[in-house]
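# Structural overview
Chain by chain, the residues run as shown.
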Amino acid sequence: MATAPVIRSVPSDRREEQVDRRLVRSLADKIAAHAVVEGDTITNVPGLRLFRRTNLTSCTSAAYEPSLILYAQGKKNVQVGGSTYVCDAGTCQLTSVDLPVFSQVTKASIEEPILAMIQKLDMTLVREVLSQQEFLSSDPCAGTRGMAIGKSSPELIGACMRLLDLLDASHDIPFLSGLVQREVIYRALRSPLGKHLRAIATLGDQSNRTARAVAWLKANYAKPLHIEELAEIAQMAVSTFHLRFKTLTQMSPLQYQKRLRLHHARIRMMNDRLDAASAAFEVGYESASQFNREYRRFFGRPPIRDVKAQQLSVGQVGVE
């Protein structure tokens with residue numbers, strides 16, 4: 001993983017840390033009871049996935065969608081743009097926009113696998129919670145980032161454990177999952193990380209308008225990039241948009257598009273057995289040689305060698 005500023009969650013005082021350790025241990029036990037396979041486990045609770053891995057991984061590309069992740073055991077590094085986020089037991093990771101990232105599991109074993117729960121964020125539900133009286137006087141903060149980490153509060157951990165408890169009572173999921181997910185969002189919004197989510201969800205805010213352009217670029221990464229069109233989607237001057245985009249994603253629009261193109265080309269070559277030239281043209285490259293140069297610069301190996309190496313490590317590419 002490239003050298004980058006390292007961001008860690010802020011530690012609590014000793015008494016709070018002792019309480020948190022017991023809560024995090026309980027969270028890990030609940031995740032472990034249902035995450036019994038390597039990688040992702042899709043649950044019956046809408047938008048809820050569990051993550052388990054027993055081995056360390058190489059640095060790999062991934063695509064993160066708006067989500068809340070609570071880490072209960074192990075450690076993972078997530079690199080976004082020029083920053084590396086260190087996520088260990090008790091860390092809450094909030095991603096408020098779609099982001100291409102590098103991820104790497106740095107602490108995991110058969111005895112103590114990395115364990116995490118991932119709740120996809122429904123922005124309609126986030127706005128519904130924000131419409132409540134206690135949030136009406138809260139002003140979104142300028143300059144928020146699309147990813148942030150912090151120490152999970154006992155209240156947030158408690159809400160997430162109640163969500164996991166529904167996995168043992170499947171008949172309750174249709175009625176209660178939406179209610180508990182509202183509490184999870186409420187607790188996240190009340191935490192120090194809440195400002196990042198609030199800015200993205202607040203209609204008309206600059207971060208919200210920038211996020212609309214990010215969503216368009218993510219959906220249309222194979223098309224030619226025109227900054228003026230993106231700025232128009234965000235309803236900003238080009239110079240202002242470029243600054244806001246880089247603040248939110250920690251990348252320029254061109255870097256964001258390039259990372260998405262290379263990530264999806266890699267997936268197509270691995271999963272669909274496409275050759276490098278076909279994958280390059282499918283994701284929007286007009287020159288196979290340019291694709292090969294940028295792929296090697298990005299992943300450290302030319303496409304064919306990289307794909308062969310990745311195929312030796314099952315499940316290394318995807319959303320992690």
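See the structure printed just above.
Here goes a summary of the coordinates provided. (Residues numbered from 1 in each chain as written. Predicted model: local features only at pLDDT ≥ 70, side-chain atom pairs only at ≥ 80, totals over all residues. Heavy atoms only, no water.)

## Describing the pairing of strand β10 (residues 114-120)
For β10, the buried fraction is high: 6 of the 7 residues fall into the buried class. With 6 bridges connecting them, strand β3 (residues 48-53) and β10 associate as antiparallel partners. Looking at the pairing, Phe51 lines up with Ala116 of β10. Taken together, the 6 bridges between strand β5 (residues 67-73) and β10 define a ladder with antiparallel strand orientation. What sits directly across from Gln73, in β10, is Leu115. (Buried < 20%, exposed > 50% of the residue type's maximum accessible area, 1.4 Å probe, protein only. Helix = DSSP H or I, 4+ residues; strand = E, 2+ residues; numbered from the N terminus. Pairing = 2+ DSSP bridges.)

## With respect to the sheet that holds strand β2 (residues 39-42)
The strand order across the open sheet built from 6 strands is β2-β3-β10-β5-β8-β11, with neighbouring strands paired in antiparallel fashion. Each edge of the open sheet carries a strand with a single partner, namely β2 and β11 (147-151). Here the strands of the sheet are splayed against their neighbours by 20° on average, with no regard to which way each runs. Of the pairings in the sheet, the one linking β2 to β3 comprises 4 bridges and is antiparallel in character. In the strand pairing of β3, Asp40 is matched with Phe51. (Axes fitted to C-alpha atoms, helices over the stretch in contact; angles between N-to-C directions.)

## A few points about the nonpolar core
Leu27, Ile31, Leu68, Leu70, Met117 and Phe291 are the most contacted members of the largest nonpolar core, which totals 91 residues. Per-element accounting of this core gives the leading share, 7 residues, to helix α3 (residues 154-165). Non-local contacts of Leu27, meaning those with residues more than four positions away in its chain, are made with Leu70, Ala72, Met117, Ile157, Met161 and Leu164. (Core = buried A, V, L, I, M, F, W, Y, C linked by side-chain atoms within 4.5 Å. Contact = heavy atoms within 4.5 Å.)

## Considering the side chain of Gln119
Turning to its location among the elements, Gln119 is positioned in strand β10. On the basis of relative accessibility, which here comes to 6%, the residue Gln119 falls in the buried class. Of note is the side chain of Gln119, whose polar atom sits 3.3 Å from the backbone oxygen of Pro46. Residues in contact with Gln119, not counting those within four places in the same chain, are Pro46, Gly47, Leu48, Ser67, Leu68, Leu163 and Gln181. (Polar contact = N/O pair within 3.5 Å; in protein donor to acceptor, adjacent residues only side chain to side chain.)

## Some details on the pattern of salt bridges
The tally for this structure, following the rule as stated, stands at 14 salt bridges. One salt bridge connects Asp165 with Lys30, and the closest N-O pair in it is separated by 2.6 Å. Taken together, the residues Asp165 in helix α3 and Lys30 in helix α1 (residues 14-34) connect sequence positions 135 residues apart. In this structure, Arg266 and Asp306 form a salt bridge, with 2.8 Å as the shortest nitrogen-oxygen distance. Of this pair, Arg266 sits in helix α9 (residues 253-271) while Asp306 is found in helix α12 (residues 303-311), placing the two residues 40 residues apart along the sequence. By relative accessible area, which is 2% here, Arg266 ends up buried. Where salt bridges share partners, they join Arg162, Glu183 and Arg187 into one cluster. (Salt bridge = Lys/Arg side-chain N within 4 Å of Asp/Glu carboxyl O.)

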